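In case you want the letters, here they are:
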Amino acid sequence: MDDLDWQRVIIAAIVMVAALAVAVVLRLLTGRLFRRAGDTRWAWDDLAARLVRDLAVPVAVLGGAWISAKVLHLPRGSLDVTAKVLTAATIFVVSLALARLIAGAVASVAMMRQGVAANVTIFANITRVVVIGIGLLVMLQSLGVSITPLLGALGVGGLAVALALQDTLANLFAGVHVLASKTIEPGDYIKLSSGQEGYVVDINWRNTSIRTLSDNIEVIPNARFSDTILTNFHRPAQDMSLLLQAKAPYEADLERVEKLAVEVGEGVMADVQGGVKDAEVLVRFHTFGESSVDFTVILRTSEFGDQFRIKHEFVKRLHRAFREAGIEIPYPRRRVTLDEVPSRDGLRL
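Here goes a summary of the coordinates provided.

Analysis parameters
Residues numbered from 1 in each chain as written. Predicted model: local features only at pLDDT ≥ 70, side-chain atom pairs only at ≥ 80, totals over all residues. Heavy atoms only, no water. Core = buried A, V, L, I, M, F, W, Y, C linked by side-chain atoms within 4.5 Å. Buried < 20%, exposed > 50% of the residue type's maximum accessible area, 1.4 Å probe, protein only. Helix = DSSP H or I, 4+ residues; strand = E, 2+ residues; numbered from the N terminus. Contact = heavy atoms within 4.5 Å. Salt bridge = Lys/Arg side-chain N within 4 Å of Asp/Glu carboxyl O.

Thoughts on the nonpolar core
Okay, step 1: Core analysis: the largest hydrophobic core is formed by 25 residues, its most contacted members being Phe 295, Val 297, Leu 299 and Phe 314.
Okay, step 2: Breaking this core down by element, the ones donating at least two residues are β6 (240–248), α7 (254–271), β8 (293–301) and α8 (307–324).
Okay, step 3: Of the residues forming this core, the biggest block, seven residues, is contributed by α7.
Okay, step 4: Aside from chain neighbours lying at most four places away, what touches Leu 299 is Met 240, Ser 241, Leu 242, Leu 244, Gly 265, Met 269, Val 281, Ile 310 and Phe 314.
Okay, step 5: Grouped together as the second largest cluster of nonpolar side chains are 10 residues, Val 178, Leu 192, Val 200 and Ile 220 included.

Okay, here's the thing in structure tokens:
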């Protein structure tokens with residue numbers, strides 16, 4: 001190799017070292033930019049900073065490799081192969097970065113529409129797979145591979161896969177349908193007719209995860225939601241009525257009982273977290289029981305999980321109010337009447 005060839009090799013090596021140095025600097029700068037973007041409340045600057053960070057190092061290295069190949073004056077055939085390989089690598093890297101960007105954008109839109117409790121991965125996963133699949137097809141096309149036969153094979157193979165994965169695809173489309181129809185969304189408290197209940201944590205391509213009140217996670221296939229009766233306690237609104245059953249003795253003044261129950265309910269609504277302060281407290285007598293007059297107190301709670309605290313405080317305060325007012329809690333009573341039975345000597349017992 002003559003002096004000119006060695007000089008080109010040295011220059012190409014210097015170019016690669018410079019490209020690596022630029023990649024390191026860009027990595028540090030974009031990492032700092034990403035942290036700064038994370039301090040803001042706007043989500044789109046985070047996505048832009050992440051895109052720049054994902055592309056900085058690979059684009060710098062691939063650019064340095066292409067410049068080095070040009071400096072080396074490779075033969076025409078070798079240069080063409082190098083160009084195709086570097087182009088394919090660039091397309092693949094850009095596809096991965098765009099897939100992450102678009103999936104993040106979809107997740108951000110879902111977050112804005114469904115609130116801070118949203119954690120929907122199904123749309124993000126579908127978007128990521130579609131973008132990466134298109135990127136792979138473009139990459140193969142750039143390498144000179146004809147994708148027309150591949151698309152035909154994918155069509156036939158997709159039919160076979162669809163037949164083999166009927167249950168999986170049923171769960172996939174059921175999950176998309178559930179999200180599109182807004183039957184349930186992450187953060188909702190739901191109860192199925194089969195008994196499972198809890199807060200919806202995530203809806204992915206196959207199943208839905210719900211967190212029970214005992215902080216356990218139950219995983220339910222998406223297809224289950226299409227053939228079961230479901231109660232959503234967050235629809236049409238999160239606040240809900242809370243019906244509490246109570247009893248009053250027959251000897252009590254029902255007007256006074258009603259007044260005490262309303263006063264206690266209003267105090268609970270105003271003082272206890274989760275109560276709806278402006279809600280009207282209602283008392284409805286409904287049954288003449290065996291030893292009491294039964295009635296229902298209707299309160300209002302801002303969210304399903306707050307009802308337990310509301311019940312706890314209301315029962316304590318109503319019990320105290322009844323005791324201070326001299327109203328006894330009715331206990332079951334039975335009156336036993338004994339008939340007089342004549343004895344053998346004629347006396348009646």
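A closer look at the pattern of salt bridges
Okay, step 1: For the structure on display, the rule yields nine salt bridges.
Okay, step 2: Among the charged side chains, a salt-bridge network with shared partners connects Asp 271, Glu 313, Lys 316 and Arg 317.

Section: the environment of Gln 7
Okay, step 1: With respect to the helices and strands, Gln 7 occurs in helix α1 (residues 3–38).
Okay, step 2: On the accessibility criterion, Gln 7 (45% relative accessible area) is partly exposed.
Okay, step 3: The spatial distance from the C-alpha of Gln 7 to the C-alpha of Leu 72 is 9.2 Å, given a sequence separation of 65 residues.

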